[in-house]
Amino acid sequence: MADTRRELILARIKTNLDSISGATVYRSRVEPLARGEVPAVIVEPVNDQPVDTNFFNKLDWTLRVRITTLVRAAIPDDDSDTYTQQVHAKLMADQTVNGYALDLTPDRTDFSLYEADVPLGIISQDFLVRYRTSRTSLTTA
Amino acid sequence: MAISETLAFLNTNEFGVTCQIGAGASFVGILDSPMEVLAGGMALSREYLLYAKTSDVSATVRGTAITVDSVSYTVRENRPVDDGLFSELLLSKV
């Protein structure tokens, strides 16, 4: 069975981020990351909302994708800066996500800092990806 | 009969390890290192907890260098335990 447009978009985003220097990029990693496994960047979907379009046989979707950067450093938000700016640059360099999307827009960024053996920073950047599918099939535009 | 503290468990023949703060005198403490899950399961952190007599570690503050069993750490927190005879040092591995 062919992949949905949503899956193609998520896979492409992962591919676009794979070249981030200095961090390992994971797709939807659910296992906890140990100190030696960071810096790390995780790509995961959050939600996907359809709306009707002016074309009776089409749906326009807004896919929220979360890019989460994990770092361990004395000042984690400072240390994460080099990775979050790479995430932004690499995604905004391909705003149609290889032609699968209508556009891609940055949304909110959240910072969570935790006490740990070495302080932990988790910085999540949300992006909204608008794309179109057939009303009857998620695999075709 | 009064109960007297023997501190017998602070012994390198038991669970104790030799510790030293900077170039100061060595003393014996007990190191635990449990793994903790952080941020709702997103990350793991190995904690380093040193139990020692408060009189041996009372001078330590955040950032103090300490050697435990020949391994270097820095102090994150110094927390007296119970009646204050013992303290718990939360450490970061260097």
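Asker: Explanation requested: the pairing of strand E5 (residues 120-134) of chain A in the structure shown.
Answerer: A regular strand carries its side chains on alternate faces of the sheet. Residue and element names in this part refer to chain A. For E5, the buried fraction is high: 12 of the 15 residues fall into the buried class. As paired strands, strand E3 (residues 58-72) and E5 are joined by 15 bridges and run antiparallel to one another. When the sheet's bridge partners are listed, Leu59 is paired in E5 with Thr133. Bridge count for strand E4 (residues 103-114) against E5 is 10 bridges, and the pairing is antiparallel. The residue bridging Asp110 from the neighbouring strand is Ser124, located in E5. Between the antiparallel neighbours E4 and E5 lie five residues.

Asker: Explain the sheet that holds strand E6 (residues 65-68) of chain B here, please?
Answerer: Strand pairing in a sheet takes place through backbone hydrogen bonds and is either antiparallel or parallel in direction. Sheet architecture is closed into a barrel: six strands sit in the order E1-E2-E5-E8-E7-E6 (chain B), paired in antiparallel fashion. Averaged over all pairs of adjacent strands, the angle between strand axes in this sheet comes to 45°, irrespective of strand direction.

Asker: Even after reading the chapter, I still don't get helix H1 (residues 5-17) of chain A, so can you show me in this structure?
Answerer: Since the α-helix packs 3.6 residues into each turn, any two residues three or four apart lie on the same face. Residues and elements named next belong to chain A. Helix length check: H1 (13 residues) gives 18 Å between terminal C-alpha atoms against 18 Å at 1.5 Å per residue, within 8%. Of the residues making up H1, those classed as buried are Arg5, Ile9, Leu10, Ile13, Lys14, Asn16 and Leu17. At its buried positions, H1 is contacted by strand E1 (24-27), strand E2 (40-52), E3, helix H2 (76-92) and E5.

Asker: Mind showing me how you'd approach the nonpolar core here?
Answerer: The nonpolar side chains of a soluble globular protein tend to be buried with one another. Within the largest apolar cluster, 24 residues are counted, with the highest numbers of intra-cluster contacts made by Ile13, Leu17, Ile67 and Val129 of chain A. Sequence-distant contacts of Ile67 of chain A, that is, excluding residues within four places in its chain, are made with Ile13, Leu17, Val41, Ile42, Val43, Val87, Leu91, Ile123, Ser124, Gln125 and Phe127 of chain A. Listed in part, the 13 residues of the second largest apolar core include Phe27, Leu50, Val57 and Val75 of chain B.

Asker: What exactly am I supposed to notice about the packing of aromatic side chains here?
Answerer: Pairs of aromatic rings are described using the distance from one ring centre to the other and the angle between the two planes. Residues and elements named next belong to chain A. With the rule as written, the count across this model stands at two aromatic pairs over all chains. Both rings, one in Trp61 and one in Tyr131, keep their centres 6.1 Å apart while their planes meet at 10°; by these two values the pair is stacked. Here Tyr131 lies in strand E5 and Trp61 lies in strand E3, a separation of 70 residues in the sequence. Residue classification places Trp61 among the buried positions, given a relative accessible area of 11%. A relative accessible area of 1% places Tyr131 in the buried class.

Rules and cut-offs
Residues numbered from 1 in each chain as written. Chains lettered and ligands numbered in written order. Predicted model: local features only at pLDDT ≥ 70, side-chain atom pairs only at ≥ 80, totals over all residues. Heavy atoms only, no water. Buried < 20%, exposed > 50% of the residue type's maximum accessible area, 1.4 Å probe, protein only. Helix = DSSP H or I, 4+ residues; strand = E, 2+ residues; numbered from the N terminus. Pairing = 2+ DSSP bridges. Axes fitted to C-alpha atoms, helices over the stretch in contact; angles between N-to-C directions. Expected span 1.5 Å × (residues − 1). Contact = heavy atoms within 4.5 Å. Core = buried A, V, L, I, M, F, W, Y, C linked by side-chain atoms within 4.5 Å. Phe/Tyr/Trp six-rings, centres within 6.5 Å; stacked < 30°, edge-to-face > 60°.

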